[in-house]
Amino acid sequence: MTLDAVVVGAGFAGMYMLHRLRGLGLSARAYETGAGVGGTWYWNRYPGARCDVESMQYSYSFSDDLQQEWEWSERYASQPEILLYAEHVADRFDLRRDIVFETRVTRAAYDETANLWRLETDRGDRVAARHLITAVGCLSAARVPDFPGAASFQGPTHHTGRWPHEGVDFTGRRVAVIGTGSSGIQAIPIIAGQAERVTVFQRTPNYSLPARNRPLEPDHQTWVKARYAELRATMRESAAGILADPNPDSALAATEAERARAFEARWARGGLAFVGTFGDLAINPDANELAAEFVRAKIREIVADPGVAELLSPRNHPIGSKRICLDTGYYATYNRPTVTLVDVRRDPILEITPTGVRTAAAEHPADMIVYATGYDALTGPLLGIDITGKGGLSLRRKWAAGPRTYLGLMTAGFPNLFTITGPGSPSVLSNMIVSIEQHVDWIAECLDRLRARGVATIDADPLAEDAWTAHVSEVAGHTLYPRADSWYLGANVPGKPRVFMPYVGGVGAYRMKCDEVTANGYEGFVLSA
Ligand code: NA7
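Residues numbered from 1 in each chain as written. Predicted model: local features only at pLDDT ≥ 70, side-chain atom pairs only at ≥ 80, totals over all residues.

By the naming in an unreviewed UniProt entry, the protein chain is Cyclohexanone monooxygenase, taken from Nonomuraea solani. UniProt, in its Cofactor (unreviewed entry) section for the protein chain, records the words "FAD". Turning to the protein chain, the UniProt annotation filed under Sequence similarities (unreviewed entry) states: "Belongs to the FAD-binding monooxygenase family." (UniProt positions renumbered as here; feature names shortened; annotations may be inferred.)

Draft legend 1. Representation of the sheet that holds strand 8 (residues 174-178) in the model. If you trace the five strands from one edge of the open sheet to the other, you get 7-16-8-9-12, paired in parallel fashion. Both edges of this open sheet fall to strand 7 (157-159) and strand 12 (339-343), since each of them pairs with a single strand only. For this sheet, the mean angle separating the axes of adjacent strands, direction not counted, is 20 degrees. Of the strand pairs in this sheet, strand 7 and strand 16 (residues 368-371) are connected by three bridges, and their pairing is parallel. Each residue of the ladder has a partner; that of His 159, found in strand 16, is Tyr 371. Its contacts with the sheet put helix 5 (residues 182-194) on strand 8, strand 9 (197-202), strand 12 and strand 16, and the angle it makes with strand 8 is roughly 170 degrees. (Pairing = 2+ DSSP bridges. Helix = DSSP H or I, 4+ residues; strand = E, 2+ residues; numbered from the N terminus. Axes fitted to C-alpha atoms, helices over the stretch in contact; angles between N-to-C directions. Contact = placed C-beta atoms within 7 Å.)

Draft legend 2. How the structure looks around unusual backbone geometry. Notably, Asp 94 is not glycine yet its phi reads approximately 50 degrees, a positive angle. Among the secondary structure elements, Asp 94 is positioned in the loop between helix 4 (79-92) and strand 3 (99-100). The phi dihedral of Arg 212 falls on the positive side, at around 50 degrees, and the residue is not glycine. Along the chain, Arg 212 turns up in the loop between strand 10 (208-210) and helix 6 (218-226).

Draft legend 3. Structural detail: the nonpolar core. Ranked by internal contacts, the top residues of the largest apolar core, which has 149 residues, are Val 6, Val 7, Met 17, Val 177 and Ile 191. In this structure Val 7 touches Gly 14, Met 17, Leu 18, Ala 28, Ala 30, Ile 133 and Ala 135, once residues within four positions along its chain are discounted. (Core = buried A, V, L, I, M, F, W, Y, C linked by C-beta atoms within 7 Å. Buried ≥ 20, exposed ≤ 12 C-beta atoms within 10 Å, placed from the backbone.)

Draft legend 4. Representation of the site of the ligand within the structure. Taken together, 21 residues form the shell around the ligand, and within it Pro 145, Gly 179, Gly 181, Ser 183 and Gly 374 come nearest. Residue contributions to the shell around the ligand peak at three residues, all from helix 5. In terms of residue class, the shell around the ligand is made up of eight nonpolar, 11 polar and two charged. (Near = placed C-beta within 6 Å. Nonpolar A, V, L, I, M, F, W, Y, C, P; charged D, E, K, R; others polar.)

Draft legend 5. Local environment of the environment of His 165. Note that His 165 resides in the loop between strand 7 and strand 8. We classify His 165 as exposed; it has 9 C-beta atoms within 10 Å. Linking His 165 and Tyr 46, residues 119 residues apart in sequence, is a C-alpha distance of 9.2 Å.

Draft legend 6. Here's a closer look at the confidence of the model for the protein chain. For the protein chain, per-residue confidence averages 98 on the pLDDT scale, and 100% of positions sit at 70 or higher. Model confidence for the complex is summarised by a pTM of 0.98, with the ipTM given as 0.98. (pLDDT = per-residue confidence, 0-100.)

Draft legend 7. Structural context of the pairing of strand 13 (residues 349-353). Note: strand 13 against strand 14 (residues 356-359), four bridges, orientation antiparallel. Counterpart to Ile 352 in the pairing with strand 14 is Val 357. The turn joining strand 13 and strand 14, which pair antiparallel and follow one another in sequence, is formed by two residues.

Draft legend 8. Broad picture of helix 1 (residues 12-23). Its 12 residues place the ends of helix 1 17 Å apart at the C-alpha level, agreeing with the 16 Å of an ideal helix rising 1.5 Å per residue. Counted residue by residue, helix 1 has 10 buried out of 12 residues, so it is predominantly covered. Burial in helix 1 covers these residues: Phe 12, Ala 13, Gly 14, Met 15, Tyr 16, Met 17, Leu 18, His 19, Arg 20 and Leu 21. Each element contacted by the buried residues of helix 1 is listed here: strand 1 (2-8), strand 2 (28-31), helix 4, strand 6 (126-134) and helix 14 (432-452). Of the residues flanking the end of helix 1, it is Gly 25, one or two places downstream, whose phi is positive at about 75 degrees. (Expected span 1.5 Å × (residues − 1).)

Below is the structure:
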């Protein structure tokens, strides 16, 4: 069977792509590893999982009926509510009939003679498609570090991104939590509220801002819905795809009192708007340090034990250079007598034993281990599929020194393969749904136009790809991002090439660039009949 397009993944990207492909009258099918839709929100069922973009902004804009009828209950939606929304979208647009669940695409090979992608799945399906569109997510390849003795542990172990559907009861348990990124920071306060003891193993302290989550006021919801068109347009043209009300002024130009007032106001407001307090926080180390120190002072205020407060205070990376976290009661959790923080930089994990975690200084008994240890970000999910392009070129080989793409949309030598929110696009530095919709719309328009022009194949021009890849890295170099060992750079995965993967130029500027490419007849792409 030959389809016009196969979509890999049925999260927010895959679902919308499928919807648009159908709208173009193309035959399409999506393959999804999970048993249901939702992607990230299908897998991340850990306690406290919640989006860090406000619910009324972290939602589709493509259907006004959808955005008018759906009611969010909280300022920041919880994982169960986002999953319900994803399921509602799947039903409303009747998407499931073209999604094959519990099936992973394992191989995709480009057949040059037939100009087709030939796919294989872990269930033995074989299918051919003219276009292959990956919607595999950026943070979907969960990673458990290779600790010696891990397999010997007698109790249950759970990665936050592969959480059991039936939930986990922590009552009376001694729980070891490894990792203090967003997932750990959201889960730890809830686990600590139930468990007998919690030992947190921290490698790098993170900057976390109060979410100040609350029920969504009906008036606010009505206000937003009445202005959705205008607000969505502002989001699309913004830097991060959110309504953050950024202040362009320099932190260094303000007086100490003005700065304190500005930081306090945004801290009190809660959420990611804090990073927009001043215009130079992401680029000027001195300005950044002022914001960083403000957060450290807050940590000292909240955490009773000064030694623990110091351990929780990030010192070695600028604020915002690793993904900023939003929390509800994270720092205060360390005031509980049942919660212990272990600094694994000073006291490294040597091994997992049958009954706990052994560091250089002590044995920490545990009945359960929670791995909040993150992902092989951006490239991991793509390279998890054995993809070969023209001349049998393997994507793993092509990207051995880091991903190379044109606009994060295509990679040269892999014709008719589109990567939604691929490396080289704003993706994880933005509201993912804004970036997803932009890519899906761009791809849909591209397929439609090429069909009308009788173009059978589109591929990235290697020169355009070289220039874009260099540009992505150059723009990142003007910011403080590369100063942290983050997953943006692949630094969390041993052996992964250190390359800054997402595009920091902002979703507004990036969208303009993509639209310009379209207007100029797909400049930088090679088209053939
Ligand atoms: P993150 O942000 O990658 O966090 C993973 C955490 O696990 C982080 O604190 C890591 O420390 C820690 N980690 C990873 N490997 C180890 C080892 N070997 N030893 C000790 N600690 C380790 O993933 P999350 O799931 O929290 O968040 C992912 C994104 O999802 C988030 O940014 C939001 O966008 C939503 P490190 O900082 O690498 O020193």
